[in-house]
Each structure stands twice: as structure tokens, then as C-alpha cells.
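# Architecture and fold: a report
So the chains spell out like this:
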Amino acid sequence: MPLEPKPAEFPRIRGALKFYMVASVITGVMLLLLCAEMLLKYVWHLELYAFGPNGLLSFEPVAETPEGLESTGTGVNLSTGILIAHGWFYVVYLFSNFRLWSLMRWPFWRLLVLASGGIVPFLSFILEARIGREVRGYLAKREADAAADAARAGAPGTAPAATDTDSDTDSEPVEAAQ
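For clarity, every value in this text was computed on a predicted model and none was experimentally measured.

All right, on to the environment of W101 then. Summarising the element assignment, W101 is placed in helix α2 (residues 78-104). For W101, the contacting residues outside a window of four places in its chain are W106, P107, F108, R110 and L111.

Structure below.
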């Protein structure tokens, strides 16, 4: 039987799920921006700059040199900012993956699938919806099962645990036999 989370951990799992879902959306958006930035840079040889002499936002050409591509714009290079931001958000996303994975006690391959959401475009959005649905369903089922077990334990007609009245009725035939 695989290990399952304890009911006492359910509030922590809900918190980890919310954190995962937010991190997943942010990482997915940053990954799409990164893909767009890569297309701009390597296909059309442009980079996005802010606050330069050409206005608030402008696309500046990238020059091909023997050493590789070099930026020619002035101002704040938003293309580099997107690279850096995605890298840091991916680290946060990996932390959220690990937290949810460890609380849910899933096998290691599930952690690898979750981690791939930050490097495969659109996968984080798909996983966010699927994992959210799965974890919420799992928690609801476990809580319903626990409530049903508690109701059965206290319901009449079932075999409850021995009480003082049970021991009194058991002792009457013994006294009558003596």
C-alpha cells in the first residue's frame, strides 16, 4: 500500500496547492514571454528595450558578430530581464513542486513531470488544472471517507466499543449462575 498523507496535513496540502497553482501560472506566463523573446532575438534579430532614446518601449536590432549576437540598443534590456525573471520564478516553481510532491507522498516520477511544466511551453497551465483538480478531489474523498467512518462508529445498530453498561449486562448472568 502506498504512503498516503495524514489528515492532519490536509490544511498544509491545501496551502501548498494554492502556492503551486500561483507559481505554475506565473512560471507559465514567464516561459511564454521567454519563448517570444527567443523568437525575437534569434529569428528576427530584435531585442526589447525600455526607457531608451527611441521611446518608452522599442525593438532594437541585434548585430551578428564573429563572437555571436550582440545587443545594439540603449536603455533597459527587457529581453535580459525576462530571462532572469523566468529563471528565478522557475526556482520558486520547483520549490512549490517539491512541497506539494512531498506532502502528497507521490512517487519521484511525479516530481519530474511537475518540474517539466516550467520548461515545456503551456505544460504548466495543463498541469496546474489537472493537479489542482486531482488534489482537491483526493482531499474531498479522504475527508468524506473519514466522516463516513466517524458516522458509522457512532450509529446505532453497529458494534460500538464496550462501555460500562455492556460490562453490567455481562456480569448479570455470571451472578445468576452463582
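Topologically, S24 is positioned in helix α1 (residues 10-42). Judged by its relative accessible area of 1%, S24 is buried. When near neighbours in sequence (up to four residues on either side) are disregarded, S24 contacts Y93, S124 and E128.

Before going further, it helps to spend a moment on the sheet that holds strand β4 (residues 76-77). In spatial order, the strands read β3-β2-β1-β4; together these 4 strands make up an open sheet with antiparallel pairing. The open sheet terminates on both sides in strands that have one partner only, identified here as β3 (68-71) and β4. Strand direction decides the pairing type here: strand β2 (residues 55-65) and β3, joined by 4 bridges, are antiparallel. Bridging from a neighbouring strand, T65 pairs with G68 of β3. Of the strands in this sheet, β1 (46-52), β2 and β3 touch α1, which is tilted by about 105 degrees from β1.

So, about α2. Taking 1.5 Å as the rise per residue, α2 with 27 residues should run 39 Å; its terminal C-alpha atoms sit 38 Å apart, in good agreement. Listed as buried for α2 are S79, I82, H86, Y90, Y93, S96, N97, L100, W101, L103 and M104. Where α2 is buried, its residues contact α1, β1, β4, α3 (108-116) and α4 (123-154). Where α2 begins, the capping side chain belongs to N77, and its oxygen is found 3.0 Å from the backbone nitrogen of S79. Just past α2, the residue R105 takes up positive phi, approximately 60 degrees.

Quick notes on the rules
- Residues numbered from 1 in each chain as written.
- Predicted model: local features only at pLDDT ≥ 70, side-chain atom pairs only at ≥ 80, totals over all residues.
- Heavy atoms only, no water.
- Helix = DSSP H or I, 4+ residues; strand = E, 2+ residues; numbered from the N terminus.
- Contact = heavy atoms within 4.5 Å.
- Buried < 20%, exposed > 50% of the residue type's maximum accessible area, 1.4 Å probe, protein only.
- Pairing = 2+ DSSP bridges.
- Axes fitted to C-alpha atoms, helices over the stretch in contact; angles between N-to-C directions.
- Expected span 1.5 Å × (residues − 1).
- Polar contact = N/O pair within 3.5 Å; in protein donor to acceptor, adjacent residues only side chain to side chain.

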